[in-house]
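# Overview (structure and organization)
These are the residues of each chain, in order.
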Amino acid sequence: MRQYVQSLTRLYSVPFESFCYYALKIAHTDEEARSFTHPTEDVLEHLSVGLGIPIDELRGFEARRRRNVARLYAELEAWIATPEGRQRYEWAFPPKS
């Protein structure tokens, strides 16, 4: 969710910390809240109102991200299991000596 909020701030040319403070009411010193790993209901409500996205959908951001990462990792492993994939992988990431 942090990456999503950061992309919004870039889109509107607003500093991330300022957006978090003014739009989401997150204190400048609260780095943990700005990580968005466990957003409070207040933060989710502000985002929901500002973005027009239901709170339940916002709550699902992290779960979807984990599923996407797991899916991509499985696809990468399947690709590396092929001879062509293994060759390309070893070319791109040679073993360190």
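The notes below deal with the structure included here. On a predicted model such as this, the values are computed, not experimentally measured, just so you know. (Residues numbered from 1 in each chain as written. Predicted model: local features only at pLDDT ≥ 70, side-chain atom pairs only at ≥ 80, totals over all residues. Heavy atoms only, no water.)

### A few points about the environment of Met 1
This is how it is decided: Helix numbering and strand numbering both begin at the N terminus, where a helix is a DSSP run of H or I of at least 4 residues and a strand a DSSP run of E of at least 2. Classification of residues uses two cut-offs on accessible area relative to the type maximum, computed with a 1.4 Å probe and protein chains only: under 20% is buried, over 50% is exposed, and between them is partly exposed. Note on definitions: a residue-residue contact is assigned when non-hydrogen atoms from the two residues lie within 4.5 Å.
Note on placement: Met 1 falls in the segment before α1 (2-11). Overall, the relative accessible area of 15% leaves Met 1 in the buried class. Filtering out sequence-adjacent residues up to four positions away, Met 1 remains in contact with Phe 36, Pro 39, Leu 44, Leu 47, Leu 58 and Phe 61.

### Concerning helix α2 (residues 16-24)
Operational definition: What the arc describes is the spread of directions from the helix axis to the C-beta atoms.
Every buried residue belonging to α2 is among Phe 16, Cys 20 and Leu 24, and all of these are buried. The buried residues of α2 occupy an angular sector of 45 degrees when projected down its axis, which confines them to one face. Against the buried residues of α2 lie α1, α3 (31-35) and α4 (41-51). One or two positions beyond α2, positive phi appears at Lys 25, with a value near 60 degrees.

### Description of the nonpolar core
The test is simple: Here, nonpolar core means buried Ala, Val, Leu, Ile, Met, Phe, Trp, Tyr and Cys residues that are tied together by side-chain atoms lying within 4.5 Å of each other.
If you look at the biggest cluster of nonpolar residues, it comprises 13 residues, and the most contacted ones within it are Met 1, Leu 24, Phe 36, Leu 47 and Leu 58. Broken down by secondary-structure element, the contributors of at least two residues to this core are α2 and α4. The contact partners of Phe 36, leaving out residues within four places of it in the chain, are Met 1, Arg 2, Val 5, Phe 16, Cys 20, Leu 24, Ile 26, Val 43 and Leu 47.

### A word on the pattern of salt bridges
We count it as follows: By salt bridge we mean one thing: a side-chain nitrogen of Lys or Arg within 4 Å of a carboxyl oxygen of Asp or Glu.
Using the criterion set out here, one finds six salt bridges in the structure. Between Arg 34 and Glu 31 there is a salt bridge whose closest N-O contact spans 2.7 Å. Taken together, the residues Arg 34 and Glu 31, both in helix α3 and three residues apart, mark about one turn of the helix. With its nearest N and O atoms 2.6 Å apart, the salt bridge here joins Asp 56 to Arg 59. Pair noted here: Asp 56 and Arg 59 are both in helix α5 (residues 55-59), with a separation of three residues, about one helical turn. In this structure Asp 56 comes out as exposed when scored by relative accessible area, which is 59%. The network of salt bridges with common partners includes Arg 2, Glu 31 and Arg 34.

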